[in-house]
Amino acid sequence: MHNVHLTVKTSPGRFAGPSGKVRRPWFAPRVFPVTDFGAVGDGATKNTAAFAAAIAACHRSGGGHVVVPPGNFLTGAIHLLSNVDLHVAAGATILFSQDPNDYLPAVFTRWQGIELMNYSPFVYCYGQRNVAVTGQGTLNGQADANHRSEERRVGKECRSRW
């Protein structure tokens, strides 16, 4: 067991540190399977709208667990809302889309330490509270030779490609 000091940014300008009030998330015992909102675990059907609908319903009800059951669920960006646990069950894989358009509209984020508007990360929850990603499942970014972040130094210039 290691003692680890965490500093968590809770909102702009406010931090919770060693004497702060960082608590484990707690979620209501409500379950929202993504399949109840139209998600199909075939690895080919885009389920972005189903994930968003399940997350919104969970949030509106006061929170709980959005459950991804066993299967391969293709999706774009997942935007978590307050009081939502995205639970990826054993045998479930979230396959993130290789289409950059599935990560728009642009969101406030950081890239190489610079705050900016950019493509959404795979899982985004800026400004939300009491969120988690749990479970024994897999989050698969589907990186390959054509779909990965790569930095190459060319002289003093650093170039990136999607």
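Just above sits the structure.
Anyway, here's the lowdown on the structure attached to this text.

Conventions we followed
Residues numbered from 1 in each chain as written. Predicted model: local features only at pLDDT ≥ 70, side-chain atom pairs only at ≥ 80, totals over all residues. Heavy atoms only, no water. Phe/Tyr/Trp six-rings, centres within 6.5 Å; stacked < 30°, edge-to-face > 60°. Helix = DSSP H or I, 4+ residues; strand = E, 2+ residues; numbered from the N terminus. Buried < 20%, exposed > 50% of the residue type's maximum accessible area, 1.4 Å probe, protein only. Pairing = 2+ DSSP bridges. Polar contact = N/O pair within 3.5 Å; in protein donor to acceptor, adjacent residues only side chain to side chain. Contact = heavy atoms within 4.5 Å. Expected span 1.5 Å × (residues − 1). Arc of directions from axis to C-beta. Axes fitted to C-alpha atoms, helices over the stretch in contact; angles between N-to-C directions.

## Comments concerning the packing of aromatic side chains
Enumeration over the complete set of coordinates arrives at three aromatic pairs. Judged by centre distance (4.4 Å) and plane angle (10°), the rings of phenylalanine 96 and phenylalanine 122 are stacked. In this pair, phenylalanine 96 sits in strand β9 (residues 92–96) while phenylalanine 122 sits in the loop between β11 (114–118) and β12 (123–124), placing the two residues 26 residues apart along the sequence. Given a relative accessible area of 1%, phenylalanine 96 falls into the buried group. A residue is classified by how much of its surface remains accessible, and phenylalanine 122, at 35% relative accessible area, is partly exposed.

## A word on the pairing of β9
In terms of burial, β9 is largely enclosed, as five of its five residues are buried. The alternating pattern of β9 places Ala92, Ile94 and Phe96 and Thr93 and Leu95 on opposite faces, both of which are buried. Looking at chain direction, strand β6 (residues 71–75) and β9 are connected through five bridges and run parallel. By the bridge assignment, leucine 74 is partnered in β9 with leucine 95. When β9 meets strand β14 (residues 138–140), the two strands line up parallel, connected through three bridges. If you follow leucine 95 over to β14, its bridge partner there is asparagine 140.

## Concerning unusual backbone geometry
Both trends apply: most residues other than glycine have a negative phi, and most peptide bonds are in trans. Of note, the amide linkage connecting leucine 104 to proline 105 takes the cis form, showing an omega dihedral of 10°. Turning to its location among the elements, proline 105 is positioned in the loop between β9 and β10 (107–111). The phi angle at asparagine 83 is positive, at roughly 70°, despite the residue not being glycine. Topologically, asparagine 83 is positioned in the loop between β7 (78–79) and β8 (84–88).

## With respect to the side chain of aspartate 102
Tracing the chain through its elements places aspartate 102 in the loop between β9 and β10. A polar contact of 2.5 Å, which involves the side chain of aspartate 102, links it to the side chain of serine 97. Sequence-distant contacts of aspartate 102, defined by excluding residues within four places in its chain, comprise Lys46, Gly76, Ala77 and Ser97.

## Describing the environment of aspartate 85
Topologically, aspartate 85 is positioned in strand β8. As a C-alpha pair, aspartate 85 and alanine 28 span 57 residues in sequence and 9.5 Å in three-dimensional space. Not counting the four nearest positions on each side in its chain, aspartate 85 is found in contact with Phe27, Gly64, His65, Val66, Ala132, Val133 and Thr134. Polar side-chain contacts of aspartate 85 include one of 2.9 Å to the side chain of threonine 134.

## As for helix α1 (residues 48–60)
Over its 13 residues, α1 runs 18 Å from end to end, which matches the ideal 18 Å to within 8%, given 1.5 Å per residue. Listed in full, the buried residues belonging to α1 are Ala50, Phe51, Ala54, Ile55, Ala57 and Cys58. Burial along α1 is one-sided: seen end-on, the buried residues are contained in an arc of 165°. In this structure, α1 carries Ala49 and Arg60 as exposed residues pointing more than 90 degrees from its buried face.

## Focus on the sheet that holds β8
An order of β3-β5-β8-β13 is seen for the four strands of this open sheet, with the pairing classed as parallel. The sheet is open, and its two edges are formed by β3 (31–33) and β13 (132–134), each paired on a single side. Direction aside, the axes of adjacent strands within the sheet are offset by 25° on average. Relative to β8, strand β5 (residues 64–68) runs parallel, the two being bridged by five bridges. In the strand pairing of β8, valine 68 is matched with valine 88. Taken strand by strand, α1 contacts β3, β5 and β8, and its axis lies near 160° from that of β5.

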